[in-house]
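So you can see what is in the structure, the chains are spelled out below.
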Amino acid sequence: MYGWEAAHASYHGFYAVAVRSMTTGWRAFVFGALDPNASITIDKIPGFLWPQALSAMVFGFHAWSLALPQAVEGVVAVVALHSAVRRWVGPAAGVTAAGIFALTPVVASLFGKVLEDAALTCLLVLAAAAWQRAVETGRLRSLVLSGVWVGLAFQAKMLQSWAVLPAFALVYLIAAPPRFLVRLRHTLVAGAVCLGVSLSWVIIATLTPAADRPYVDGSTNNSAAAMVFGYNGLARFGSVGVSAAGTGSVAATQGARFGGGSSSSGWLKLLQHDLASQVGWLYPVALAGIAFGLWRRRRGRTDVARAGTLMWTGWLLLTGLALSAGSVPHSTYVVALAPPLAALSAFALVRTVAMYRAPRSTRERLALPALTAVTLAWAVHLSAAFPRFLPGVALPLSAAAVTVVALAVVVGRATGRRSGMTRWSAGLCCGLMLAVPAAWSVSVFDPAYAGSSGNANAGGYEGGMHFGLRTAKQPRQATRTTHQGFNPFNPPTTLDAAQSRLLAYLADHRDGARYLVATESWGAASPYILMDEAAILPMGGFSGNASFPQPQQFESMIKTGEIHYVLLTGQGMRFRGTSAAASPATSGLREKPRTPEARSASSSASSTAGGESDLARVATLVKKSCHLVPTSAYGAVQQETAPLYRCG
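What counts as what
Residues numbered from 1 in each chain as written. Predicted model: local features only at pLDDT ≥ 70, side-chain atom pairs only at ≥ 80, totals over all residues. Heavy atoms only, no water. Helix = DSSP H or I, 4+ residues; strand = E, 2+ residues; numbered from the N terminus. Buried < 20%, exposed > 50% of the residue type's maximum accessible area, 1.4 Å probe, protein only. Contact = heavy atoms within 4.5 Å. Phe/Tyr/Trp six-rings, centres within 6.5 Å; stacked < 30°, edge-to-face > 60°. Lys NZ or Arg CZ within 6 Å of the ring centre and 35° of its normal. Salt bridge = Lys/Arg side-chain N within 4 Å of Asp/Glu carboxyl O. Patch = residues over 30% accessible without salt bridge, like charges linked within 9 Å, V, L, I, M, F, W, Y side chains within 5 Å. Areas by Shrake-Rupley, 256 points an atom, 1.4 Å probe, with all protein chains shown as cover. Pairing = 2+ DSSP bridges. Axes fitted to C-alpha atoms, helices over the stretch in contact; angles between N-to-C directions. Expected span 1.5 Å × (residues − 1). Bend = angle between axes of the 7 residues up to and from the residue. Parallel < 35°, antiparallel > 145°, perpendicular 65-115°, else oblique. Left-handed = near helix turned anticlockwise from the far one by under 90°. Nonpolar A, V, L, I, M, F, W, Y, C, P; charged D, E, K, R; others polar.

Novice: Honestly, the overall build of the chain in this entry has me stumped. Any pointers?
Specialist: The helix and strand tally for the chain stands at 26 helices and five strands. Buried positions account for 60% of the 648 residues belonging to the chain. Taking as baseline every contact in the chain between residues at least 6 positions apart, the subset at least 24 positions apart corresponds to 72%.

The following block contains the structure:
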């Protein structure tokens, strides 16, 4: 499944540009540069892109070579989860957990896309497997290895990786075999290692002189700490009153949703249909697993099964709390819940089947049928919210649920312990509980239901980080958008005629400049970097609000001949309510023809609507001090291009 996804992958406009740039030199690689000249970074720690850049260096720059590392990460995550759960509660639960995890809809979609959550999930599952060995054996090296994996996960998705640490630390302190002072020393040592690995990139970026590295996007002061802990940390929790003001981060746009984002909001967002459909079909089963694991009377402090239950439950609750409190702009975020849900669900299924086949009381005999009934009722509730996917499934699913549950009750009462009939009826119960999420997961083989390069989801999900509506007639890997809007998560795979003419003109008139052109948005720069590795400066970074270049710095670049040309598009990769419509030059779409001068006025209005950012001031400076290049000079027609200016 993951290999098929990788083979049919498309470029993620932003991350693919970064990977292309990261293959140009060690500085661009280490710091995660967005442009080939390593002038500005992406707005995240680039650890999740390092495997993609290495793969592109080995196999060439293709969509599949960028997605290949994610497919490998998916396989590693499945194997590691099997190992962790097998050590926790046995081989049957290990196999079941691996299967449930692999057939979770968001997981099925994720591991063929260049998204940071793939590396995060893989590394956290490896950390859990190492922790499980540590809590069983009491060995420091296993706990330190767990800390290393979490630290590496920090390079993939920063603070989200730390959500598991309280569960890891507290449960080890409670349940590991050594005496308390030894357990405390082990926890402190592993914590120190985890902190050192986690902050390694931030420390390297901070200690490297600003002149020797790219500007750090996501910040207004070129600070890696501001980008990590402000822009990608505190700013994500604006909905609960947390402010990133004063951190030096680009915080104003955080918490706003992209066009087409998740409709879930509030503290109960994980129970709402769009996010629950991607990860939560087995919520009732996981709750049963928590109950079974914690209700273990007359067990010692070091009981491995209870310790594992505490760890997985802590992971689930802490990550769920963070997602509930913070911004969840698309469904990919909830994949962090998939490992604990799969582990706890596997434990519950194995336990209820064992009780059903060898009951010691009526309550044990009815546990599996009751769990089946509750889980299928929840599945019917979720399915009813997606009438266009698997239409009419609710009625037959309800009928099957009633039939199978009744059969399980009758067989359980009428047959002996561990009979063949109880084995078959238990298998029907488990198969029916897993059938709907499995059907959603295998839908990724149809590109219409496989999500997009910017969002992992499967089945009937229609939200996510994309622009315009996704329909079955709009395959994910289409080479050009078919709706009215710029879609950076499905970029063109070739330069169109207008872009080719403009690129040729800029190359012929470069006159020794460091950059072919500076653009007002990374979206305008992306096709040229993707297709030609062109030396283009995407001013303002991802959001357009990063303070690079500042007006004085831009003027200096003009005077020293680093930049001769500027392309003003009047929009960037902006959030809802802060941008103008995309221009044809950046989106490949047609609009009513306007003169370059009219486009220039539109650029000025849109850039200043949300306040005077450094990028807006640079755009104003360009329009006042530079010369508008006639479109005839590079063979363009009015509707094909944004205003091009010659400076200096």
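Alright, that's what it looks like, and here's the rest.
Novice: Help me understand the packing of aromatic side chains, please; the structure alone is not making it clear to me.
Specialist: Both the distance between ring centres and the angle between the ring planes are used here to describe each pair of aromatic rings. For the coordinates displayed, the defined rule picks out 24 aromatic pairs. Ring geometry for Phe-29 versus Trp-50: centroids 6.2 Å apart, planes at 25°, classification stacked. Taken as a pair, Phe-29 in helix α3 (residues 26–31) and Trp-50 in helix α4 (residues 50–59) lie far apart in primary sequence, 21 residues in all. Classification of Phe-29 as buried rests on a relative accessible area of 17%. Ring plane angle 65° and centroid distance 5.2 Å describe the contact between Phe-389 and Tyr-449, whose orientation is recorded as edge-to-face. Placement of Phe-389 in the loop between α18 (362–383) and α19 (394–414) and of Tyr-449 in the loop between α20 (420–442) and α21 (497–508) is noted, with a sequence separation of 60 residues between them. Given a relative accessible area of 8%, Phe-389 falls into the buried group. What links up through ring pairs into an aromatic cluster is the set Phe-14, Tyr-15, Phe-48, Trp-522 and Phe-542. Lying over the aromatic face of Phe-61, Arg-20 brings its terminal NZ or CZ to 4.7 Å of the ring centre.

Novice: I keep staring at the pattern of salt bridges and nothing clicks. Help me out?
Specialist: Should the charged atoms of two oppositely charged side chains come close, the side chains can pair. One pass over the structure, following the stated rule, counts eight salt bridges. With a shortest N-O distance of 3.3 Å, Arg-87 and Glu-136 are connected by a salt bridge. Taken together, the positions of Arg-87 in helix α5 (residues 63–89) and Glu-136 in helix α8 (residues 116–137) put the pair 49 residues apart, joining distant regions of the chain. With its nearest N and O atoms 3.0 Å apart, the salt bridge here joins Arg-360 to Glu-364. The exposed category is assigned to Arg-360, whose relative accessible area is 70%. For Glu-364, a relative accessible area of 12% gives the class buried.

Novice: I would appreciate a short explanation of a nonpolar patch on the surface in the present structure.
Specialist: Taken together, Leu-54, Met-57, Val-58, Phe-59, Trp-64, Leu-68, Val-72 and Val-76 make up a surface patch of nonpolar side chains, about 710 Å² in accessible area. Among the elements of the structure, α4 and α5 are those that each provide at least two residues to the nonpolar patch. Relative to the helices and strands, Val-58 is located in helix α4. Classification of Val-58 by relative accessible area gives exposed; the value is 62%.

Novice: Any chance you could explain the sheet that holds strand β3 (residues 565–567) here in plain terms?
Specialist: Ordered by their spatial adjacency, five strands build an open sheet running β2-β1-β3-β5-β4, and the pairing between neighbours is mixed. Looking along the sheet, the strands with just one partner apiece sit at the ends: β2 (536–538) and β4 (627–628). In the packing of helix α22 (residues 522–532) onto the sheet, contacts are made with β1 (517–519) and β2, and the angle to β2 comes to roughly 150°.

Novice: Whenever I open this one, α18 confuses me. Can you help?
Specialist: At 3.6 residues per turn, the α-helix brings residues three or four places apart onto the same side. In a regular helix each residue adds 1.5 Å, so 22 residues correspond to 32 Å; α18 covers 32 Å between its end C-alpha atoms and thus fits that length. Along α18, the helix axis deviates most sharply at Leu-368, where the bend reaches about 30°; the proline Pro-369 sits within four residues downstream.

Novice: Can you walk me through the packing of helix α9 (residues 140–157) against helix α11 (residues 180–198) in this structure?
Specialist: If you want to describe how two helices pack, look at the angle between their axes and the distance between the axes. Running from N to C, α9 and α11 point in directions that differ by 25°, and their axes come no closer than 8 Å. As far as their axial angle goes, α11 and α9 are roughly parallel. Like other packed secondary-structure pairs, α9 and α11 cross with a definite hand, here right-handed. Between α9 and α11, the residues in contact are Leu-140, Leu-143, Val-144, Gly-147, Val-148, Val-150, Gly-151, Leu-152, Phe-154 and Gln-155 and His-186, Thr-187, Val-189, Ala-190, Val-193, Cys-194, Val-197 and Ser-198, respectively. For the contact of α9 with α11, the residue count by class is twelve nonpolar, six polar and no charged.

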